[in-house]
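Listed below, chain by chain, are the residues.
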Amino acid sequence: MISKEIADLVDSLKTEAGMPTCYPVRYLLIKGLSAWQRTLKALRKEVDYTLNLSSFCYGDDIYPSFKRLKKWLETSNYEKVLVLPVSECICYYKADPFLAPVILSN
C-alpha cells in the first residue's frame, strides 16, 4: 500500500499530464531511502518504461551522453518514461556501501 503523499503525487502527475501546458519533466526531491523506494515503486506502475540515465555514461567518471539520450527519446515508442539518475545510488552508497546492491537491484 502506498502512502497518501505518494498517491497524491501520482494523482497530481496524472492531472498535469493531461494539461496542454504540462512540463515534460519533473524533478522530485525525496528524503530517505525507504521513501525513495516506495515512490519509485508507485511511479514505475505509471510509466511505459524506466530508463537509467547511467546507461548513457560511456566511460568512467563522465557525464551521460545527452546527445544519445535525446536520440533515444526521439526514436523510442514509449509515451511515458521514468528517467532515474544515478545520483541517489551514489548518495546512499557513500552513506552505507552495503546498501548499494539493494538499491541497484530495485
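Being a predicted model, the structure only gives us computed values, none of them experimental.

This brings us to the nonpolar core. Grouped together as the largest cluster of nonpolar side chains are nine residues: I6, V10, L33, W36, L40, A42, L43, L82 and L84. No other element matches the five residues that helix 2 (residues 33-44) contributes to this core. Excluding residues that lie within four positions of it along the chain, V10 makes contacts with A42, L43 and E46.

Before going further, it helps to examine the side chain of T39. In this structure, T39 sits in helix 2. Setting aside anything within four residues of it in sequence, one finds T39 in contact with I6, L9 and I30.

Of note, S76 is situated in the loop between helix 3 (66-75) and strand 2 (81-84). Engagement of the side chain of S76 in a polar contact is seen with the backbone oxygen of L73, the distance being 3.5 Å.

Relative to each other, helix 1 (residues 4-17) and helix 2 sit at 40°, their axes nearing to 10 Å. In this view, helix 1 runs oblique relative to helix 2, as classed from their interaxial angle. Crossing hand, helix 1 versus helix 2: right-handed. From helix 1, I6, L9, V10 and L13 reach across to helix 2, where they touch A35, R38, T39, A42 and L43. Across the contact of helix 1 with helix 2, the residue classes tally to seven nonpolar, one polar and one charged.

Here we come to the packing of aromatic side chains. For the coordinates displayed, the defined rule picks out three aromatic pairs. Ring centres of Y49 and W72 lie 5.4 Å apart, and the angle between their planes is 35°; on these two criteria the pair is classed as tilted. Placement of Y49 in strand 1 (residues 49-52) and of W72 in helix 3 is noted, with a sequence separation of 23 residues between them. Residue W72 is classed as partly exposed on the basis of its relative accessible area, which comes to 22%. Between W72 and Y78 the ring centres are 6.0 Å apart and the planes differ by 25°, which places this aromatic pair in the stacked class. An aromatic cluster is defined as three or more aromatic residues linked by ring pairs; in this entry it consists of Y49, W72 and Y78.

Parameters and conventions
Residues numbered from 1 in each chain as written. Predicted model: local features only at pLDDT ≥ 70, side-chain atom pairs only at ≥ 80, totals over all residues. Heavy atoms only, no water. Core = buried A, V, L, I, M, F, W, Y, C linked by side-chain atoms within 4.5 Å. Buried < 20%, exposed > 50% of the residue type's maximum accessible area, 1.4 Å probe, protein only. Helix = DSSP H or I, 4+ residues; strand = E, 2+ residues; numbered from the N terminus. Contact = heavy atoms within 4.5 Å. Polar contact = N/O pair within 3.5 Å; in protein donor to acceptor, adjacent residues only side chain to side chain. Axes fitted to C-alpha atoms, helices over the stretch in contact; angles between N-to-C directions. Parallel < 35°, antiparallel > 145°, perpendicular 65-115°, else oblique. Left-handed = near helix turned anticlockwise from the far one by under 90°. Nonpolar A, V, L, I, M, F, W, Y, C, P; charged D, E, K, R; others polar. Phe/Tyr/Trp six-rings, centres within 6.5 Å; stacked < 30°, edge-to-face > 60°.

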